Amino acid sequence: MKKKQYFSKSYLLLIMAFFYLPIVYVVFFSFNDSKSLTNFTGFSFRWYEQMFANRTMMESIYYSVVIAVLATIISTIVGTVAAIGLSRSKRLIKETVSQVNNLSMLNPEIVTAIGLMLFFTSLNIPFGFWTLLLAHIIFCIPYVMLSITPKLRQLDENLAEAALDLGCTPFQALIKVIIPQIMPGIVSGALIAFTMSFDDFVISYFVTGPGINNISTYVYSSVKRINPSVNALSTIIVVAITLVLIIVNVVPLIRERKKKNETNY
Amino acid sequence: MKSFRRLIYPYMVWAGIFIVIPMLMIVIYAFTKEGNDTMTLQFTIENFVRFFEDQIFIQVLIRSLILAIITTIICILIGYPAAYFIARLKPNSQSIMVLLITLPMWINMLVRTYAWRGILLETGLPEEIKVYIGMVYNFLPFMILQIYTSLSKMDPSLLVAAQDLGCNSRQVFTKVILPLSVPGIISGITLVFLPAVSSFFIPKLLGGGSYVLIGNLIENYFVTTGDWNFGSAISLIMTVVILLSMYFTKKFDYDKENGK
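Residues numbered from 1 in each chain as written. Chains lettered and ligands numbered in written order. Predicted model: local features only at pLDDT ≥ 70, side-chain atom pairs only at ≥ 80, totals over all residues. Heavy atoms only, no water.

## Brief notes about the layout of surface pockets
Think of a ball as big as a water molecule: rolled over the atoms, this probe shows where empty space is left.
Reasoning step 1: Of the pockets and cavities examined, the second largest pocket occupies roughly 650 Å³.
Reasoning step 2: Tyr84, Arg88, Leu159, Phe173 and Ile177 of chain B are, among the 21 residues lining the second largest pocket, the residues nearest its centre.
Reasoning step 3: Of all the elements in the fold, those that place two or more residues in the lining of the second largest pocket are helix 1 (2-29) of chain A together with helix 3 (55-87), helix 7 (156-164) and helix 8 (169-198) of chain B.
Reasoning step 4: Looking at the lining of the second largest pocket residue by residue, the class counts come to 14 nonpolar, three polar and four charged. (1 Å grid on protein atoms, 1.4 Å probe; cavity = no way out; pocket = protein on both sides within 12 Å on 5 of 7 lines; lining within 4 Å. Points joined across faces, edges and corners; volume = space filled by probe spheres on them. Helix = DSSP H or I, 4+ residues; strand = E, 2+ residues; numbered from the N terminus. Nonpolar A, V, L, I, M, F, W, Y, C, P; charged D, E, K, R; others polar.)

Spelled out as structure tokens, the structure:
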């Protein structure tokens, strides 16, 4: 029995080593003194300096963040409204809309990407910031709806009805009764939308225009030459995401502990 | 409550314009030739004939399918034991392991693939192996998490019952655990195989441009050559192939569940 456990633990350790190897690698080589990606010649902040001096690179971070924030806000609002409407619709509409949303989510990304590319071209919309933003909103909404719909199903219909009877306008009933109850779904939908948008490469690559890059398309375009400042950029992303994930996972724990302490008194 | 029904109408228009029409445009482009006005659409199957008559295109399609299938198999072979071991840890360690597996997934896929490029740069491995490492790296977490979910949902008393009824530990695995985790494997396959067929930046970053897959072909015809009609035809063929393979996977699952 002991021997078996030893084996399973070392197996999992190996898997984790495989998952974290490239991350450790980028962080390590982002401090390298030379341009080499295989020999560590000494410690320096050289590539970080270069990164901050590189305008295209800084712009790509800026566009990634701005597009992700805007796409998240807009797709969350539109997705919430649409999901509420959908939950009250007739079956035929319900099924048609879910099928279309599924089509958008299950389609290979490259197919969605070229579809939008053909669409924007035929309308003579120039590729750039606006096509990029619109494309991100388009592919984020179905995911937002997907995470809100289960919450709507659990919703007690009588509550909104009661609010209306007690003199709420439909709008007030929506804001004061329905939205607060489906908030967890909205929050997780927004989180999914943000990561989808922030990480997206394939769709962005096909619908963006000259001079507008997000982090992914920048990395892709700079891959032909060796450019260690990409390692510095990656390290910053790794640190930022790790911090966010720690905060997201630790804060609820602390809160729970506080609550426990309070109830103990 | 019925008044909220109207809230779906704007999104129906939106989805029609931004999801359905772009898909239809791919179909229209695939069945027409270059230089057509919208007014004088002339449908042709020339693009498809061109694809299926050329050995090279067929080879690329087969290569992409094989790559996706092998990637999926490797992910099952490596991922199943990992998921199985995680499911047998203490509940607290289980959630830590799941978090540890999810964490790298939050970091941009392109950034991680770029890192592998650096690691593999001077290893002298053949291009194909490098592509496989990149593919397995990117898709393995999905497989592990899917299988783990189905394993952790399993009722432990079933295992005890099987043992009581005289199964040895191997029989418990082949007769109880494995069949019950098939749904997890199937959804894992969906999450690995689908994106693996159409992936184009992993082969491009790790294969050094000489390793062409169907996704690279589509990219070439849209970005470099500018032959959008042929590019659309290729992506239509790819979509059909993917739909067919998904249909057979699902059917296999369904037949198995119904004991056929």
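## Examining the packing of helix 4 (residues 91-106) of chain A against helix 6 (residues 129-154) of chain A
Residue and element names in this part refer to chain A.
Reasoning step 1: Look at helix 4 against helix 6: their axes get within 9 Å of each other, and the N-to-C directions meet at 125°. The angle between helix 4 and helix 6 falls in the class oblique. As for the relative orientation of helix 4 and helix 6, their crossing is left-handed in sense. Between helix 4 and helix 6, the contacting residues are Val97, Asn101, Ser104 and Met105 on the first element and Pro142, Tyr143, Met145 and Leu146 on the second.
Reasoning step 2: Taken together, the residues that form the contact of helix 4 with helix 6 break down as six nonpolar, two polar and no charged. (Axes fitted to C-alpha atoms, helices over the stretch in contact; angles between N-to-C directions. Parallel < 35°, antiparallel > 145°, perpendicular 65-115°, else oblique. Left-handed = near helix turned anticlockwise from the far one by under 90°. Contact = heavy atoms within 4.5 Å.)

## So, the domain arrangement of chain A
Reasoning step 1: Domain annotation of chain A identifies domain 1 (1-30 + 231-265) and domain 2 (54-227).
Reasoning step 2: For domain 1 of chain A and domain 2 of chain A, the distance between their C-alpha centroids amounts to 28 Å. (Domains from an automatic or database assignment.)

## Side note on the side chain of Ser235 of chain B
Reasoning step 1: Within the element layout of this structure, Ser235 of chain B appears in helix 11 (residues 228-257).
Reasoning step 2: With residues near it in sequence (within four places) discarded, Ser235 of chain B still touches Val111 and Ile114 of chain A together with Ile26 and Ile218 of chain B.

## A closer look at the interface of chain B and chain A
Interface size is often expressed as the accessible area that is lost when the parts come together.
Reasoning step 1: Facing the 72 residues of chain B at the interface are 84 residues of chain A.
Reasoning step 2: Summed over both sides, the interface of chain B with chain A buries roughly 7,000 Å², with 81% coming from carbon and sulfur.
Reasoning step 3: At the boundary of chain B and chain A, one finds zero salt bridges.
Reasoning step 4: Where chain B touches chain A, the interface holds nine residue pairs in polar contact (both at pLDDT 80 or more). (Buried area = accessible area lost by both parts, 1.4 Å probe. Salt bridge = Lys/Arg side-chain N within 4 Å of Asp/Glu carboxyl O. Polar contact = N/O pair within 3.5 Å; in protein donor to acceptor, adjacent residues only side chain to side chain.)

## Points about helix 7 (residues 157-165) of chain A
Reasoning step 1: A distance of 3.1 Å separates the backbone nitrogen of Asn158 of chain A from a side-chain oxygen at the start of helix 7 of chain A, and that oxygen is part of Asp156 of chain A.
Reasoning step 2: Looking at the residues trailing helix 7 of chain A, positive phi occurs at Gly167 of chain A, about 100°.

## A few points about empty space enclosed by the protein
Reasoning step 1: In this structure the tally under the stated criterion is one cavity of 30 Å³ or more.
Reasoning step 2: Taken as a whole, the largest cavity spans an internal volume of roughly 50 Å³.
Reasoning step 3: Ser104, Thr112, Leu116 and Ile138 of chain A together with Phe18, Ile19, Pro22 and Met23 of chain B are the residues that line the largest cavity.
Reasoning step 4: Per element, the largest residue contribution to the lining of the largest cavity is four residues, and it comes from helix 1 (residues 8-30) of chain B.
Reasoning step 5: Tallied by class, residues from the lining of the largest cavity come to six nonpolar, two polar and no charged.

## A look at the confidence of the model for chain B
Reasoning step 1: Put simply, chain B has an average pLDDT of 86, and 94% of its residues get 70 or more.
Reasoning step 2: The complex prediction reports pTM at 0.86, with the ipTM value standing at 0.85. (pLDDT = per-residue confidence, 0-100.)

## A closer look at the environment of Ala53 of chain A
Residue and element names in this part refer to chain A.
Reasoning step 1: Here Ala53 is to be found in helix 2 (residues 46-53).
Reasoning step 2: Here Ala53 falls in the exposed class, since its relative accessible area comes to 64%.
Reasoning step 3: In this structure the C-alpha to C-alpha distance between Ala53 and Tyr11, which are 42 residues apart in sequence, comes to 43 Å. (Buried < 20%, exposed > 50% of the residue type's maximum accessible area, 1.4 Å probe, protein only.)

## Considering the pattern of salt bridges
Residues and elements named next belong to chain A.
Reasoning step 1: For the structure on display, the rule yields five salt bridges over all chains.
Reasoning step 2: Here Arg55 ties to Glu59 by a salt bridge, and the two come within 2.9 Å at their closest N and O atoms. Linking Arg55 with Glu59, this pair stays in helix 3 (residues 55-87), spanning four residues, or about one helical turn.
Reasoning step 3: On the accessibility criterion, Glu59 (24% relative accessible area) is partly exposed.
Reasoning step 4: Across the salt bridge formed by Glu95 and Arg91, the nearest N and O atoms sit 3.4 Å from each other.

## A few points about the nonpolar core
Reasoning step 1: One finds Phe19, Ile178 and Phe206 of chain A together with Tyr11, Ile144 and Ile214 of chain B to be the most contacted residues of the largest nonpolar core, which totals 161 residues.
Reasoning step 2: Taken domain by domain, the makeup of this core includes at least three residues from each of domain 1 (1-30 + 231-265) and domain 2 (54-227) of chain A. (Core = buried A, V, L, I, M, F, W, Y, C linked by side-chain atoms within 4.5 Å.)

## Details of unusual backbone geometry
Residue and element names in this part refer to chain A.
Reasoning step 1: For Asn124, which is not glycine, the phi torsion reads 60° and is therefore positive.
Reasoning step 2: Within the element layout of this structure, Asn124 appears in the loop between helix 5 (109-122) and helix 6.
Reasoning step 3: Judged by its relative accessible area of 68%, Asn124 is exposed.

## Considerations on the environment of Ile110 of chain A
Reasoning step 1: One can find Ile110 of chain A in helix 5.
Reasoning step 2: Separated by 76 residues in sequence, Ile110 of chain A and Ser34 of chain A have C-alpha atoms that sit 37 Å apart.
Reasoning step 3: The residues contacting Ile110 of chain A, other than those within four sequence positions of it, are Val202 and Phe206 of chain A together with Ser198, Phe200, Gly215, Ile218, Glu219 and Met238 of chain B.

## Examining the packing of aromatic side chains
Reasoning step 1: In this structure the tally under the stated criterion is 44 aromatic pairs over all chains.
Reasoning step 2: Ring plane angle 10° and centroid distance 5.8 Å describe the contact between Phe194 of chain A and Phe198 of chain A, whose orientation is recorded as stacked. Of this pair, Phe194 of chain A and Phe198 of chain A both sit in helix 8 (residues 170-199), four residues apart, roughly one helical turn.
Reasoning step 3: For Phe194 of chain A, a relative accessible area of 29% gives the class partly exposed.
Reasoning step 4: A ring pair is formed by Tyr84 of chain B and Phe173 of chain B, whose centres lie 5.7 Å apart and whose planes are at 80°; its orientation type is edge-to-face. Here Tyr84 of chain B is found in helix 3, whereas its partner Phe173 of chain B is found in helix 8, with 89 residues between them in sequence.
Reasoning step 5: Ring pairs connect the aromatic residues Phe7 and Tyr11 of chain A together with Tyr80, Tyr84, Phe85 and Phe173 of chain B, which therefore count as one cluster. (Phe/Tyr/Trp six-rings, centres within 6.5 Å; stacked < 30°, edge-to-face > 60°.)

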